[in-house]
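# Coordinate inspection notes
The lines below spell out each chain.
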Amino acid sequence: MKTDPGWLEVRLAADERDLRAAQRLRYRVFVEELGGDGPLVDHDARLERDEFDPVVDHLLLVDTRRDPDAGEHVVGAYRLLRSQVAEEFGRYYCDSEYDLTPLRQSGRRLVELGRSCVDPDYRGGSGMFLLWNALADYVLAREIEILFGVASFHGTSIEPLAQALSWLHHHHLAPVALRPVARAPHYQRMDLIAPEALDRRAAMTAMPALIKAYLRLGGVVGDGAWIDHEFNTTDVFLLMDTAAMSERHRQYYQDRRQGA
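Quick look at the structure, then.

Definitions and limits used
- Residues numbered from 1 in each chain as written.
- Predicted model: local features only at pLDDT ≥ 70, side-chain atom pairs only at ≥ 80, totals over all residues.
- Heavy atoms only, no water.
- Core = buried A, V, L, I, M, F, W, Y, C linked by side-chain atoms within 4.5 Å.
- Buried < 20%, exposed > 50% of the residue type's maximum accessible area, 1.4 Å probe, protein only.
- Helix = DSSP H or I, 4+ residues; strand = E, 2+ residues; numbered from the N terminus.
- Pairing = 2+ DSSP bridges.
- Phe/Tyr/Trp six-rings, centres within 6.5 Å; stacked < 30°, edge-to-face > 60°.
- Salt bridge = Lys/Arg side-chain N within 4 Å of Asp/Glu carboxyl O.
- Expected span 1.5 Å × (residues − 1).
- Polar contact = N/O pair within 3.5 Å; in protein donor to acceptor, adjacent residues only side chain to side chain.

## Quick notes on the nonpolar core
In terms of nonpolar packing, the biggest core is built from 44 residues, with Leu113, Phe153, Met207 and Ile211 touching the most fellow members. No other element matches the six residues that helix α4 (residues 127-141) contributes to this core.

Structure (structure tokens):
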């Protein structure tokens, strides 16, 4: 399905209808498509939800042709948890998978990105671009310095992911001062293949599009992957330091700040 950008808008969730529509989209993607589950997932109502939903900002891609009362108007979503909100709430989502001490001790303004998903009919078009532009506005308005979150490979079998995980470890490892480490017992080392034996094409083919997009923005990874059996994924920690982005992407953010 080809979507007209004129039908789409990006905004923060405004009410319970928006939140339930986002949770329904997440159910379709994370539960029905990817085979995930969780203690607060409502299979009867087809809602993927958890304890963070009431406190985060939900950035939504909305198809304005759809009736919000029908609950299907949200076709893309991002969850955003700012550091000051996380401090009040007591933790980040990533805390269960990674030791975030280096980030907490950095003194930088943080935002955790999570539950990124787009309806299959809207992938490959302008939807993700619109979400990322809105995310840039969100970051600039709140003077965020570091964006982070886990991104997932589908499945928990490591052998098919060895090239991709090793490529991330050898080419995109975060600086030690900012590098979270995956927690035991689900820690999975990523340096599975020696640098000289890596096949870049195979690594990129196995890598999800979202992870490649983060890398193009200057993203780096934490130490180790985390095996999430509940969601049937292998997670890697990604962070983007806005001060360390390439000159091209820093200029992109600067242009937006100046209204260019």
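We are not done yet, so read on.
## Here we look at the pairing of strand β10 (residues 225-228)
Side chains Ala225 and Ile227 of β10 all project onto a buried face; the interleaved residues Trp226 and Asp228 project onto the opposite face, where all are buried too. Bridge count between strand β8 (residues 187-188) and β10: two bridges; the pairing is antiparallel. Note that in β10 the partner of Tyr187 across the bridge is Trp226. Two strands pair when backbone bridges link them, and β10 and strand β11 (residues 233-241) are joined in this way by three bridges, in the antiparallel orientation. Residue Asp228 lies in a different strand from β11, and its bridge partner there is Thr233. Remark: four residues form the turn of the hairpin made by β10 and β11, two consecutive strands paired antiparallel; Asn232 in that turn has positive phi of roughly 60°.

## So, the packing of aromatic side chains
The full count for this structure, using the stated rule, is six aromatic pairs. A ring pair is formed by Tyr92 and Phe148, whose centres lie 5.1 Å apart and whose planes are at 75°; its orientation type is edge-to-face. Remark: Phe148 occurs in strand β6 (residues 146-154) and Tyr92 occurs in the loop between α2 (83-89) and β4 (98-99); sequence separation between them is 56 residues. For Tyr92, a relative accessible area of 4% corresponds to the buried category.

## Notes on the pattern of salt bridges
Between side chains of opposite charge, a pair can form as their charged atoms come close. All chains considered together, the criterion is met by 24 salt bridges. Among the ionic pairs, Arg123 bridges to Glu33, the shortest N-O distance being 2.9 Å. With Arg123 in the loop between β5 (110-118) and α4 and Glu33 in helix α1 (residues 16-33), the pair connects residues that are 90 residues apart, well separated along the chain. Its relative accessible area of 39% is what places Arg123 among the partly exposed residues. For Glu33, a relative accessible area of 38% gives the class partly exposed.

## Some thoughts on α1
Turn by turn, an α-helix covers 3.6 residues, leaving residues three or four places apart pointing in a common direction. Taking 1.5 Å as the rise per residue, α1 with 18 residues should run 26 Å; its terminal C-alpha atoms sit 24 Å apart, in good agreement. Buried residues dominate α1, accounting for 13 of its 18 residues. Its side-chain oxygen at 3.2 Å from the backbone nitrogen of Arg17, Asp15 defines the N-terminal cap of α1. Looking at the residues trailing α1, positive phi occurs at Gly35, about 80°.

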